[in-house]
Amino acid sequence: MQSTVNNNENWTPKIVAFFCNWCTYTASDLAGVSRLRYAPSTRVIRVMCSGRIDPEFVMEAFAKGADGILIGGCHPGDCHYAEGNYKCLRRFTLLQKYADQMGIDKERLRLEWISASEGKKLQEVVNDMTEQIRKLGPSKIKNVVETIER
Amino acid sequence: MGNEKPKLKLAVYWGAACGGCCVSVLDVHEKLFDVVANADIVFWPIALDFKYKDVEAMPDQHIDVTLFNGAVRTSENEHMAKLLRQKSKILIAYGSCAHMGGIPGLANFTNKEDLFKRVYDESESTENPDKVRPTPEVQVKEGKLTLPKFYNDVMTLNQVVDVDYYLPGCPPQTERLVEVFMAVVTGAQLPPKGSVIGVFDRVQCDDCKRKKSDKKNITRFKRAWEVTDDGETCLNEQGILCMGPATRGGCGVRCVEGNAPCRGCYGPMEGIPDPGAKMMSAIASMLEGKEQDEIDKAIESVVDPAGTFYRFSLPGSILRRKI
Ligand code: SF4
Ligand code: SF4
Ligand code: SF4
Ligand code: FES
């Protein structure tokens, strides 16, 4: 609905990535140190726990022009604050349902559990999501939010 | 009665509204005498026979206070919003519709074309073989007829003009209006421009008399008919979705007092740009599931998150409309 077909191979989507400090953020560091190549599509925002990510952050990011949002947290049972990632999963599931009602393609919003040692998984997830969004094309959300139709 | 002070000039106008806000102004009952003693009503289409041209003839800033209720959905609403802005010293967005879009704002889940198709082509009671649609202008033999333009998007008042204050509620609790009015009359220090007034600095739950526990442990939400309300436990804890935790106080929790859940008409707390986002967070904290399938089941029971969390606020929310 909201996407225009865009097969432009040169276009790199903007993915805002909210990564938990203790796991996914460290994994992205590891991926860097290990010289794993992945698409230069993410703008990483480090948070102390995936439980800190308010749905408002996601909506703001979409409204300001993100083509996709990736949330990365610790695996179930591994959250430093015990239950933050479960809270994140519940919020995310609800947010997904809301985003679907709002006409946002579901590929644009993704949650992954990536531990500090999973640099490889981070690489795969970012590449895969980048590819999916490339197929969808640029997000229209910012434009719709900013342009009131009379 | 000391009548030396010049009376305030007051206007009340409705945009895309249901009429309830205008009625809530009438609900001041005997306080109306205080109002009339202190103010002249110079424009109020529901009650008094003034015409638009009377407003147009007023000097700028002639009106002291305008209560604008209703959302902005047509060119007429927009024109009147701009005109009243120009003619008023203080413009108040009165009620949920003017504040955040309100019930008419739910139309932002669809668009003009789909609405017209439903209303003028498809609805069961419509017979319209020529597919006639309302248009802003039509030529008939007597001359040209015009209608206001129906916009694609529903807007909040502050999306078209500068607003001084917001007085939320669907409709606002009349006591709050009287307090605000008396503050203006007595020349009390007014809050900074842009403030939400006639509200409390606490959420509905803080005023709610129902028993609440810290851990809500909700497994799923239920439809109202599935629950026999015990009359004393927090509605959310009984599985009836209540917007109290994300809604600003001011109404006296009047819905819950009447054993119905809060729907959120007073809007979010200060500094919160999106009422629905807060409610999603609140719900995530109230649910107890940890496994994806448990969570899926719980979320499935939140039947219409967008329509429930943004019942009064879609045009004023971060995403504003369906993409
Ligand atoms: S805020 Fe409620 S009462 Fe007021 S006009 Fe809108 S729908 Fe009607
Ligand atoms: S959620 Fe509703 S019923 Fe429960 S305490 Fe808050 S306002 Fe009262
Ligand atoms: S209880 Fe909630 S829905 Fe009812 S009037 Fe108050 S704020 Fe509005
Ligand atoms: S600390 Fe990583 S998800 Fe909570």
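Predicted model only: the values in this text are computed from it and were never measured. (Residues numbered from 1 in each chain as written. Chains lettered and ligands numbered in written order. Predicted model: local features only at pLDDT ≥ 70, side-chain atom pairs only at ≥ 80, totals over all residues. Heavy atoms only, no water.)

A.B. asks: Honestly, the overall build of chain B in this entry has me stumped. Any pointers?
C.D. replies: Tallying secondary structure elements over chain B gives twelve helices and nine strands in all. At 22 Å, chain B has a C-alpha radius of gyration in line with the 20 Å of a compact globule built from 323 residues. Referenced to the eigenvectors of the C-alpha coordinate spread, the extents of chain B come out at roughly 65 × 65 × 30 Å. Here chain B holds 323 residues, and 49% of them are scored as buried. In chain B, of all internal contacts separated by at least 6 residues, the share reaching a separation of at least 24 is 74%. Put simply, chain B shows about 15,600 Å² of open surface, and 53% of that area lies on carbon and sulfur atoms. (Helix = DSSP H or I, 4+ residues; strand = E, 2+ residues; numbered from the N terminus. Rg over C-alpha atoms; globule rule 2.2 N^0.38 Å. Buried < 20%, exposed > 50% of the residue type's maximum accessible area, 1.4 Å probe, protein only. Contact = heavy atoms within 4.5 Å. Areas by Shrake-Rupley, 256 points an atom, 1.4 Å probe, with all protein chains shown as cover.)

A.B. asks: Honestly, the pairing of strand S7 (residues 143–146) of chain B in this entry has me stumped. Any pointers?
C.D. replies: Across a regular strand the side chains alternate sides, sitting on one face of the sheet and then on the other. Residue and element names in this part refer to chain B. Note that strand S6 (residues 137–140) and S7 share four bridges and pair antiparallel. Opposite Glu137, over in S7, you have Thr146 as the bridge partner. Hairpin geometry of S6 and S7 is characterised by an intervening segment of two residues between the two adjacent antiparallel strands. (Pairing = 2+ DSSP bridges.)

A.B. asks: Sorry if this is basic, but what is going on with the environment of Lys131 of chain B here?
C.D. replies: All names here are of chain B. Positionally, Lys131 belongs in the loop between helix H6 (112–122) and S6. The class of Lys131 is exposed, set by a relative accessible area of 54%. With ten residues separating them along the chain, Lys131 and Asp121 place their C-alpha atoms 6.5 Å apart.

A.B. asks: How do you make sense of helix H2 (residues 55–63) of chain A when you look at a structure like this?
C.D. replies: One full turn of an α-helix is made of 3.6 residues, so residues set three or four places apart face in the same direction. Residues and elements named next belong to chain A. Judged by how many residues are buried, H2 sits mostly within the fold: seven of nine residues are covered. N-cap assignment for H2: the residue whose side-chain oxygen lies 2.9 Å from the backbone N of Glu56 is Asp54. In the segment just after H2, Gly65 is the residue with positive phi, at about 115°. (Polar contact = N/O pair within 3.5 Å; in protein donor to acceptor, adjacent residues only side chain to side chain.)

A.B. asks: Help me out: how do you make sense of the side chain of Thr308 of chain B in this one?
C.D. replies: Residues and elements named next belong to chain B. As for its placement among the helices and strands, Thr308 is situated in helix H12 (residues 305–309). Here Asp304 takes part through its backbone oxygen, which lies 2.6 Å from a polar atom of the side chain of Thr308. If sequence neighbours within four positions are ignored, Thr308 has contacts with Leu241, Met243 and Arg263.

A.B. asks: Would you take a moment to explain the site of ligand 2 for this structure?
C.D. replies: The local shell around ligand 2 consists of Cys205, Cys208, Lys212, Cys234, Leu235, Asn236, Cys242, Gly244, Pro245 and Val256 of chain B. Counted by class, the shell around ligand 2 contains seven nonpolar, two polar and one charged residues. (Near = heavy atom within 4 Å. Nonpolar A, V, L, I, M, F, W, Y, C, P; charged D, E, K, R; others polar.)

A.B. asks: Explain the sheet that holds strand S3 (residues 63–69) of chain B to me, please; I cannot follow it from the model alone.
C.D. replies: One key point about sheets: their strands pair by backbone hydrogen bonds, in either a parallel or an antiparallel sense. Residues and elements named next belong to chain B. Ordered by their spatial adjacency, five strands build an open sheet running S2-S1-S3-S5-S9, and the pairing between neighbours is parallel. In this open sheet, the two strands that pair with only one neighbour each are strand S2 (39–43) and strand S9 (165–167). The sheet shows a mean angle of 30° between the axes of neighbouring strands, taken without regard to direction. In this sheet, S2 lies alongside strand S1 (residues 8–14) in parallel orientation, the contact comprising four bridges. Counterpart to Leu10 in the pairing with S2 is Ile41. Along the sheet face, helix H4 (residues 75–87) touches S1, S2, S3 and strand S5 (88–94) and points at about 140° away from the line of S5. Its contacts with the sheet put helix H7 (residues 174–185) on S1, S2, S3, S5 and S9, and the angle it makes with S1 is roughly 145°. (Axes fitted to C-alpha atoms, helices over the stretch in contact; angles between N-to-C directions.)

A.B. asks: What is the right way to look at a nonpolar patch on the surface in this model?
C.D. replies: Residue and element names in this part refer to chain A. Together, Trp22, Met48 and Tyr81 make up a nonpolar patch on the protein surface, roughly 310 Å² of accessible area in all. Following the sequence through the fold, Tyr81 ends up in the loop between strand S3 (68–73) and helix H3 (84–101). The exposure class assigned to Tyr81 is partly exposed, which follows from its relative accessible area of 43%. (Patch = residues over 30% accessible without salt bridge, like charges linked within 9 Å, V, L, I, M, F, W, Y side chains within 5 Å. Salt bridge = Lys/Arg side-chain N within 4 Å of Asp/Glu carboxyl O.)

A.B. asks: Whenever I open this one, the packing of aromatic side chains confuses me. Can you help?
C.D. replies: The geometry of an aromatic ring pair is captured by two quantities: the separation of the ring centres and the angle between the planes. Within this structure, the stated rule accounts for eight aromatic pairs over all chains. Aromatic pair Tyr98 of chain A and Tyr310 of chain B: ring centres 5.2 Å apart, planes at 25°, arrangement stacked. Placement of the pair is Tyr98 of chain A in helix H3 and Tyr310 of chain B in the segment after H12, with the two residues belonging to separate chains. With relative accessibility at 1%, the residue Tyr98 of chain A sits in the buried group. Relative accessible area serves as the criterion here: at 0%, Tyr310 of chain B is assigned to the buried category. Relative to Phe150 of chain B, the ring of Phe116 of chain B has its centre 5.0 Å away and its plane inclined at 45°; by these criteria the two rings are tilted. Here the residue Phe116 of chain B occupies a position in helix H6, and Phe150 of chain B occupies one in strand S8 (residues 150–155), the gap between them amounting to 34 residues. Taken together, the ring pairs connect Tyr13, Phe43, Tyr52 and Phe68 of chain B into an aromatic cluster. Sitting over the face of the ring of Tyr25 of chain A, Arg46 of chain A holds its NZ or CZ atom 4.9 Å from the ring centroid. A cation over an aromatic ring shows up here: Arg202 of chain B above the ring of Phe200 of chain B, its NZ or CZ 4.4 Å from the ring centre. (Phe/Tyr/Trp six-rings, centres within 6.5 Å; stacked < 30°, edge-to-face > 60°. Lys NZ or Arg CZ within 6 Å of the ring centre and 35° of its normal.)

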